[in-house]
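Examination of the molecular architecture
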Amino acid sequence: MLTDTSLSRRNPALLILVLSLAPAIGLGIGRFVYSLVLPDMRDSLQWSYSAAGFMNTVNAAGYLLGALAAAGLGKRYGLFAVIQLGTVACIASLLLCGVTADFTLLSIARFVTGFGAAISFVAGGALAATIGLAHPERSSYLLSLFYAGPGIGILVSGLIAPFVLQGFGAGSWWIVWLVIGLVSVVMGLPLLRKLVDASEGTSRAAAPSMTIRPMWIFLVAYFMFGAGYIAYMTFMIAYVRDGGGSAVAQSAFWCLIGASSFASPWLWRGVLARGQSGRAMAIILGTNAVGAAMPLLGHSPLVLGVSAAVFGVSFFAVVAATTAFVRFNYPKETWPKAIAVVTIVFGIGQTLGPIAVGAISDATGSLTSALVVSAATLGVGAAMSMFQKPISSR
């Protein structure tokens, strides 16, 4: 139950924007700032592409475990408490990355970031869907606002990391982690306010059973998204830098991804409102694949800029499409579990993606091959989505 009824009734958008700070920290910063510091960490710590990919793989493994645990934690402690817990874990792990160069400790920190991001993301998605249920005429728009949250984190890290690296010079990657960790502390402060009653999500009644078999095509397509998007988000800054991109160019590219995601709630609201089948996913994921493929045309600022904009405007909308699909096809009581299921499948994909693509890049000696694999995987996922029918029609 929402404790601030005036806020939830009069301005549910503001409430969801506050909730979106959790994925802004856990995903927009916690997961993706690594891409900005990766080139400097790789040079300073003498990592291979496989080692660099492993750091995102272990982060994704934490995300997978968090997705497995999220529904149970939400049922026991309440969805909002889980959001708070996950956000604190992410902030602590970001700060840890700034005080060690040990590969094992960095791996543990990245794992904790993934775990915290997953539990707060699953709980937040379920809570946002519940808020949207009270405003059916705006539910798709409100849901999109939550999933635009990570764009805030991407934008913030894009405005900070490249210039810290430029200002302090080679080997300053650890300073970025500390600075971005402190910024995350400030961003997380609004989540300390008690927005949701402590009893919310703590019902011990058995949840209705649900079957995932009717959505297996959708799940496989989402797995392909998880495996495909991560190569782009992990290695694109290195690709921009290798092409001669300065700190300004790297910042502009990253910020454009984040800023473009803010257009998602308005651009895709009509598509998401028809998310009963896999068609919405196919349209949005197909757009994402186009954005991922564009850097293959060259390093020109125009090509890279359009790529970032197209990828950014569709990236988190793919995730929103999964929650819309769950909302249309499953009863409310099963939403946390159903969202956890799709998040688990996504987590498996993004666990395998980074290290596989890193190995391919090591073998070929080029990041171009990583982008080819990324775009192709996303394209296959989009094509598969077209075959997913509404569950209610089966």
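Provided above is the structure to which this section pertains.
Before going into details, it helps to say that this report is about the structure given with it. (Residues numbered from 1 in each chain as written. Predicted model: local features only at pLDDT ≥ 70, side-chain atom pairs only at ≥ 80, totals over all residues. Heavy atoms only, no water.)

Digging into the environment of Ala117
Rules: Starting at the N terminus, helices and strands are each numbered in turn, a helix being any DSSP run of H or I of at least four residues and a strand any DSSP run of E of at least two. Accessibility here uses a 1.4 Å probe with only protein chains present; expressed as a share of the type maximum, an area under 20% marks a residue as buried, one over 50% as exposed, and anything in between as partly exposed. The criterion used for residue contact is that any of the two residues' heavy atoms lie within 4.5 Å.
Relative to the helices and strands, Ala117 resides in helix H7 (residues 103-133). For Ala117, a relative accessible area of 2% gives the class buried. Counting along the chain gives 123 residues from Ala117 to Val240, while the straight-line C-alpha distance between them is 27 Å. Excluding residues that lie within four positions of it along the chain, Ala117 makes contacts with Gly26, Leu27, Tyr63 and Cys90.

Some thoughts on the pattern of salt bridges
Applicable threshold: Salt bridges, as used here, are contacts in which a Lys or Arg side-chain nitrogen is within 4 Å of a carboxyl oxygen on Asp or Glu.
Counted according to the given criterion, the structure contains one salt bridge. One salt bridge connects Arg241 with Asp43, and the closest N-O pair in it is separated by 3.1 Å. Here Arg241, found in helix H11 (residues 216-242), pairs with Asp43, found in helix H4 (residues 33-45); they are 198 residues apart in sequence, far enough to count as distant. Looking at Arg241, the relative accessible area reads 33%, which means it is partly exposed. For Asp43, a relative accessible area of 45% gives the class partly exposed.

Focus: the packing of helix H2 (residues 12-19) against helix H3 (residues 21-29)
Just so we agree on the cut-off: Each axis is a line fitted through C-alpha atoms, and for a helix only the stretch in contact is used; angles between axes span 0 to 180 degrees, taken between their N-to-C directions. Each angle receives one of four descriptions, namely roughly parallel if under 35 degrees, roughly antiparallel if over 145, roughly perpendicular if within 65 to 115, and oblique otherwise. Three categories are distinguished: nonpolar for Ala, Val, Leu, Ile, Met, Phe, Trp, Tyr, Cys and Pro, charged for Asp, Glu, Lys and Arg, and polar for the others, with Gly belonging to the last.
Relative to each other, H2 and H3 sit at 30°, their axes nearing to 4 Å. Between H2 and H3, the interaxial angle falls into the category roughly parallel. Contacts between H2 and H3 pair Leu17, Val18 and Leu19 from the former with Leu21, Ala22 and Pro23 from the latter. Here the residues of the contact of H2 with H3 are counted per class, giving six nonpolar, no polar and no charged.

As for the packing of aromatic side chains
The following threshold applies: Stacked, edge-to-face and tilted labels apply to pairs of Phe, Tyr and Trp rings (six-membered ring for Trp) whose centres lie within 6.5 Å, assigned for plane angles under 30 degrees, over 60, and everything in between, in that order.
What the rule picks out here adds up to 19 aromatic pairs. Between Tyr232 and Phe253 the ring centres are 6.3 Å apart and the planes differ by 35°, which places this aromatic pair in the tilted class. Of this pair, Tyr232 sits in helix H11 while Phe253 is found in helix H12 (residues 247-261), placing the two residues 21 residues apart along the sequence. Pair check on accessibility: Tyr232 and Phe253 agree, each one buried. A centroid spacing of 4.2 Å and a plane angle of 40° characterise the contact between Phe315 and Phe316, whose relative ring orientation is tilted. Taking relative accessible area as the criterion, Phe315 reaches 2% and is therefore assigned buried. Here Phe316 falls in the buried class, since its relative accessible area comes to 5%.

The quantities given are spatial measurements derived from coordinates; they are silent on function.
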